[in-house]
Amino acid sequence: MGEIPTEDGVYLFEPGRGWLKLATLLTPSSLKNGISMIYFKNNWCVPCRVLDLKMPDIIRMYSCKASLYVVTCKWFTSLCLDTVARRAFQAFKVTDSPTLWWAIVSGGRIVKEVRIAGVPSIAELRKYVSDNLGIRPCRASSRSQARES
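Residues numbered from 1 in each chain as written. Predicted model: local features only at pLDDT ≥ 70, side-chain atom pairs only at ≥ 80, totals over all residues. Heavy atoms only, no water.

*Asks:* Residue-level account of the environment of Asp82, with values.
*Replies:* Topologically, Asp82 is positioned in the loop between β4 (66–73) and α2 (83–91). It is 8.7 Å that separates the C-alpha atoms of Asp82 and Thr72, two residues lying 10 residues apart in sequence. For Asp82, the contacting residues outside a window of four places in its chain are Asp8, Gly9, Val10 and Lys21. At 3.0 Å, the side chain of Asp82 forms a polar contact with the backbone nitrogen of Val84. (Helix = DSSP H or I, 4+ residues; strand = E, 2+ residues; numbered from the N terminus. Contact = heavy atoms within 4.5 Å. Polar contact = N/O pair within 3.5 Å; in protein donor to acceptor, adjacent residues only side chain to side chain.)

*Asks:* I'd like a rundown of the side chain of Lys41, residues and numbers included.
*Replies:* Relative to the helices and strands, Lys41 resides in strand β3 (residues 34–42). Lys41 sits in the buried class, given a relative accessible area of 2%. When near neighbours in sequence (up to four residues on either side) are disregarded, Lys41 contacts Ile4, Pro5, Thr6, Cys48, Asp52, Val70, Val71, Thr72, Cys73, Phe89 and Ser97. (Buried < 20%, exposed > 50% of the residue type's maximum accessible area, 1.4 Å probe, protein only.)

*Asks:* Can you explain the sheet that holds strand β2 (residues 18–22)? Please cite residues and give values.
*Replies:* Taken in spatial order, the six strands of this open sheet run β2-β1-β4-β3-β5-β6, and their pairing is mixed. Both edges of this open sheet fall to β2 and β6 (109–117), since each of them pairs with a single strand only. When the angles between neighbouring strand axes are averaged without regard to direction, this sheet yields 25 degrees. Inspection of the sheet shows β3 paired to strand β5 (residues 99–106) by seven bridges, in the antiparallel sense. Bridge assignment links Ser36 to a residue of β5, and that residue is Ala103. Relative to β4, α2 is tilted by about 110 degrees, and along the sheet it contacts β1 (9–14), β2, β3 and β4. The strands that helix α3 (residues 122–133) touches are β5 and β6; relative to β6, the one it contacts most, it runs at about 155 degrees. (Pairing = 2+ DSSP bridges. Axes fitted to C-alpha atoms, helices over the stretch in contact; angles between N-to-C directions.)

Bear in mind that shape data such as this cannot, by itself, settle questions of function.
Take a look at the structure:
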């Protein structure tokens with residue numbers, strides 16, 4: 001699955017290929033129909049490093065159902081060397097780090113969105129996403145189950 005990107009930028013996860021850096025602006029209106037999850041992180045954020053460790057499990061749980069993105073800056077928009085990433089933080093009005101932003105898009109419009117700021121456990125994340133968006137994981141991750149025990 002590869003490491004979570006640490007270079008400033010916007011990345012899309014492609015199963016079998018890993019993280020691909022995007023050069024186009026990422027905004028709520030640019031998301032394709034379906035489910036999207038965007039992980040907003042800052043490299044100088046200690047909780048983000050903790051969430052980075054959980055991201056392989058999150059990717060395994062949701063990559064079959066959602067488009068997965070990572071938006072990385074050194075420190076929010078005040079210290080971000082990538083214009084596309086800086087603008088994504090602004091477009092999604094992200095002021096907390098880390099933030100997992102989820103949305104269901106239909107007909108080019110956001111039908112429902114939720115934000116999770118901080119570092120949830122895998123069990124908390126699974127429950128929150130299921131309860132609020134009706135999205136269940138692709139399959140259980142043995143590593144996730146071992147951590148929850």
